[in-house]
Amino acid sequence: MRYDNEKKPVLGIDLGTTYSAISRWSEKGPKVYQNPRREYTWASVVYYDERQDKPLVGNLALKRSLIDPENAIIGVKRMMDNGRQKIRLGNKEFTPIEISSMILRDVYEYAEKTTPGFDPTGVVVTVPYYFTSLQSTNTSEAASLAGLNVLGIIQEPVAAALAYGIHMEDSLQDEIIMVFDLGGGTFDLTVFRFTNSNKKITFEVLATSGDDRLGGLDFDAALAELIKEKASLNLKGLSKEEELKVNAALMEVSKEAKEILSYEEFTDIIKPNILQGQHIEIEITRQEFESSVDKYFMKMDTIIDSVIEKASLSRNDINRVIKVGGSSRIPKTDEILSKKIGQNKIYGDIDPDLCVAQGASIYGAFLDGRIDWTKEIDIKTATAHALGIEAAKGQFSVLIPSNRQTPCEVTKVYTTDTDYCEELDIDLYQGSSKLIKNNKRIGTIHVSGLQKRAAGELDIQITFRINQQQSVSVTVVQKESNIKKVENVKLT
Ligand code: ADP
Ligand code: MG
């Protein structure tokens, strides 16, 4: 007896800000599907094609988005905190959940086409570490809407660490690892303690940090500026349409040149008639490119220091760095990591573009009982944001602090602050400020039927529970009034 990992696979999808990938579990470990152009990644872009009156998804959509940005949506992942807002595309409106589901569906269909009789048991989708419960729930909803059976959600760095862990299965040691993820739109750092006993493998998140507006797109823009300058392009007096076209072409050549410069010391950029009578014919060196993005790398340097400090560690304590994300192929990344952590600590035997999808399928196989590991995988994550309620005068009263290990549960006792009140609205917030006005309201629990007492006489006991998937439930208990209310936070 064995699982049919080909026809009835368990899948993992990395739904990235700029690129996505899909993998399945196989007896030999995770296997990533290819798209028809034999590439392993799909642009996370949806474009509404008015001529065909239908949405296009993926790399083709990305191409069209460059010349017709009004009909395209790039980076929908950044809008998942408001999953039901309306986005206009062409003459239609879509929500972020719908757009995400189109991307997931598209990626899934390519996998489906590779295998006759394809009938997966389920899928695990990844989300960034800092995603709130609401954002994760919306992502899961997008996958259900795409017709996928969601086995679970896993955070990207945890998935990457799992992909690393499975590689090292025989020689796993206890160590501190840093997942360094530099993608298209964001920079994410996560420090784990990794322990391997004969019963279980534990991943414990010690600290996270990053910048959600730092990545490959910024490098493309910086290089485009440099190219404009070196080629002495004159963009004065262009119509809006011409300007869009030139910028689109510039972004495209910049991205291509940037990627080549990860392997070559220099590259030629040749683009005749980018504007009537104006040509690009220049050479760009890796050195020039790297200087143009120096400020971003300096920022990353500071963020690395901060995450090590947050984890109460010193640089020498980091045993291993796992590079994730397409932009981590830029050689300057190795340079800063070598200087800071040590060259021999950078783990090279894992694909930075694919390990998140791979890790998701490993987790899927684990949830589905397919891995013949006798060990348990224990993932101890931590909350990325504090959770609490509004206490008097707009103050944020924290129940679960940020960076607290999950699952966890905290109870605090409050009391009424007005006389004889029978009803109460308890506002729930997530955030890091002492004032609720700077935080995000994630729900309200209405309590009615309180016994009429003077202010301060009734004890109101509030419990926040958070599970490993970062789902939150809140319980309110008022003994004398015989009230017990449990709510899964309906994140709105
Ligand atoms: P996401 O942020 O969606 O998770 P990826 O991790 O796939 O995306 O990263 C995509 C980014 O990686 C893009 O900006 C792309 O240009 C960049 N990239 C891919 N390959 C290379 C390379 N060889 N050198 C530099 N950047 C690269
Ligand atoms: Mg990514």
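An account of the accompanying structure is given in this report. None of these values were measured; they are calculated from a predicted model.

Rules used throughout
- Per chain, residue numbering runs from 1 following the sequence as it is written.
- Chains and ligands are labelled sequentially in the order written, the chains with letters from A and the ligands with numbers from 1.
- Since the coordinates come from a predicted model, pLDDT governs what is reported: local features require at least 70, and pairs of side-chain atoms require 80 or more to be given and counted, while whole-chain, interface and lining totals use all residues.
- The basis for every side-chain value is the complete set of heavy atoms in the structure, and neither hydrogens nor water enter the calculation.
- We treat two strands as partners when DSSP finds at least two bridges between them.
- Every helix listed is a DSSP run of H or I at least four residues long, and every strand listed is a run of E at least two residues long, numbered separately from the N terminus.
- Note on geometry: axes are lines fitted to C-alpha atoms, helical ones only across the stretch in contact, with angles between N-to-C directions running from 0 to 180 degrees.
- A pair is scored as a salt bridge if a Lys or Arg side-chain nitrogen falls within 4 Å of a carboxyl oxygen belonging to Asp or Glu.
- Think of it in three bands: with a 1.4 Å probe and only protein chains considered, a residue is buried below 20% of the maximum accessible area for its type, exposed above 50%, and partly exposed in between.
- Note that the term roughly parallel is reserved for angles under 35 degrees, roughly antiparallel for angles over 145, roughly perpendicular for angles of 65 to 115, and oblique for everything else.
- We call two residues contacting when some pair of their heavy atoms lies within 4.5 Å.
- For this scheme, ten residues count as nonpolar: Ala, Val, Leu, Ile, Met, Phe, Trp, Tyr, Cys and Pro. Four count as charged, namely Asp, Glu, Lys and Arg, and the remainder, Gly too, count as polar.
- By convention in these notes, a residue is near a molecule or strand provided one of its non-hydrogen atoms lies within 4 Å of it.
- Any pair of N or O atoms that falls within 3.5 Å is considered a polar contact. Within protein, one atom must be able to donate a hydrogen and the other to accept it, and sequence-neighbouring residues count only if both atoms are side-chain atoms.
- The Shrake-Rupley method, run with a 1.4 Å probe, gives the accessible areas here. Residue values count only the displayed protein chains as cover.
- Where each domain starts and ends comes from a domain assignment, either automatic or drawn from a database.
- Here, nonpolar core means buried Ala, Val, Leu, Ile, Met, Phe, Trp, Tyr and Cys residues that are tied together by side-chain atoms lying within 4.5 Å of each other.

What to know about the sheet that holds strand β25 (residues 440–448)
Spatial ordering of the open sheet is given by β21-β20-β24-β25, a layout of four strands whose pairing is antiparallel. Lying at the two open borders of the sheet, with one neighbouring strand each, are β21 (396–400) and β25. Averaged over all neighbouring strand pairs, the angle between strand axes comes to 30 degrees, with direction disregarded. Here eight bridges tie strand β24 (residues 423–431) to β25, and the two strands are oriented antiparallel to one another. Considered in β25, the bridge of Y429 is made with R441.

Structural notes on the pattern of salt bridges
Counted under the stated rule, the structure contains 28 salt bridges. With a closest N to O distance of 2.5 Å, R329 and D353 form a salt bridge. A residue pair is termed long-range when its members are at least 10 positions apart, and R329 in the loop between β17 (320–324) and α9 (331–340) and D353 in the loop between β18 (346–347) and α10 (355–367) qualify at 24 residues. A relative accessible area of 26% places D353 in the partly exposed class.

A look at the pairing of strand β14 (residues 200–211)
Most of β14 is tucked away: nine of the twelve residues are buried. Pairing geometry for β14 and strand β19 (residues 376–382), over five bridges, is parallel. Each bridged residue has a counterpart across the sheet, and for I201 the counterpart in β19 is I377.

Quick look at the packing of helix α5 (residues 216–230) against helix α6 (residues 240–260)
Where α5 contacts α6, the axes come no closer than 8 Å and their chain directions differ by 110 degrees. In terms of axis orientation, α5 runs roughly perpendicular to α6. Across the interface between the two elements, G216, L217, F219, D220, A221, L223, A224, I227 and K228 of α5 pack against N247, L250, M251, V253, S254, K255, A257 and K258 of α6. Across the contact of α5 with α6, the residue classes break down as ten nonpolar, three polar and four charged.

A few points about the site of ligand 1
As a structural note, the neighbourhood of ligand 1 is formed by 18 residues, with T18, G184, K258, E259 and S262 the closest of them. Note that a nitrogen atom of ligand 1 is positioned 3.4 Å from one of the side-chain N or O atoms of Y263. Isolated, ligand 1 exposes 590 Å² of accessible area, and the fraction of that covered by the protein chains is 90%. Tallied by class, the residues present in the shell around ligand 1 amount to three nonpolar, eleven polar and four charged. Both of domain 1 (10–213 + 302–380) and domain 2 (216–292) provide at least three residues apiece to the shell around ligand 1.

A word on the nonpolar core
M178, F180, F219, I227, I280 and I304 are the most contacted members of the largest nonpolar core, which totals 47 residues. Here this core spans two domains, since at least three of its residues come from each of domain 1 (10–213 + 302–380) and domain 2 (216–292). Leaving out residues up to four positions away in the same chain, M178 has contacts with L189, T190, V191, I304, V307, I308, I318, R320, V321, I322 and I341. Counting 34 residues, the second-largest nonpolar core is a separate cluster that includes A159, V179, Y347 and Y363.

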